[in-house]
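# Examining the three-dimensional arrangement
As a plain string of letters, each chain reads:
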Amino acid sequence: MANKRELKRNINLVCEELIAECIAASLYGNKHDTANSLIYSTVKMQDDFIRRISHPEPGMPAAKYYKKLREDLVAQICDIVDQINN
């Protein structure tokens with residue numbers, strides 16, 4: 001398991017890339033409203049996961065908690081990428 005700082009850094013990097021892709025998609029497409037909502041959902045996702053890293057759920061083993069956190073993160077990233085591609 002990576003430390004919290006590395007997880008936060010990786011989440012920030014991925015979210016920056018997603019926002020850049022949303023902006024690029026809005027520049028080359030006609031869906032400015034969709035891009036704005038995708039950027040908002042990306043920023044909201046970033047904030048949520050950073051908070052979840054900082055304040056883990058009490059009573060749950062750390063390895064299990066962070067494994068679940070990563071699975072949730074990958075699922076939401078895939079969802080946003082699919083929305084960008086459409």
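All of the points below concern the structure found in this document. (Residues numbered from 1 in each chain as written. Predicted model: local features only at pLDDT ≥ 70, side-chain atom pairs only at ≥ 80, totals over all residues. Heavy atoms only, no water.)

### Looking at the overall build of the protein
Regarding its fold elements, the protein presents three helices and zero strands. In the protein, the order of α-helices and β-strands from amino to carboxyl end is α-α-α. Projecting the C-alpha coordinates of the protein onto the three principal axes gives extents of approximately 45 × 20 × 15 Å. Counting only residues that meet the buried cut, the protein has 24% of its 86 residues in that class. At a minimum sequence separation of 6, the contacts of the protein that also span at least 24 residues come to 71%. For the protein, the accessible area works out to roughly 6,100 Å², and carbon and sulfur atoms hold 54% of it. Both charge centroids of the protein, one from 12 positive and one from 12 negative side chains, sit 8 Å from each other. (Helix = DSSP H or I, 4+ residues; strand = E, 2+ residues; numbered from the N terminus. Buried < 20%, exposed > 50% of the residue type's maximum accessible area, 1.4 Å probe, protein only. Contact = heavy atoms within 4.5 Å. Areas by Shrake-Rupley, 256 points an atom, 1.4 Å probe, with all protein chains shown as cover. Lys, Arg positive; Asp, Glu negative; His and termini not counted. Charge placed at Lys NZ, Arg CZ, Asp CG, Glu CD.)

### Some thoughts on the pattern of salt bridges
If you walk through the whole model with that rule in mind, you get four salt bridges. Put simply, Glu6 and Arg9 hold a salt bridge, and the shortest N to O gap is 2.8 Å. Here Glu6 pairs with Arg9, and both are found in helix H1 (residues 4-28), just three residues apart, close to one helical turn. Among the residues examined, Arg9 registers a relative accessible area of 42% and is labelled partly exposed. Between Asp47 and Arg51 there is a salt bridge whose closest N-O contact spans 3.4 Å. Pair noted here: Asp47 and Arg51 are both in helix H2 (residues 32-54), with a separation of four residues, about one helical turn. Assessed through its relative accessible area of 53%, Arg51 is described here as exposed. (Salt bridge = Lys/Arg side-chain N within 4 Å of Asp/Glu carboxyl O.)

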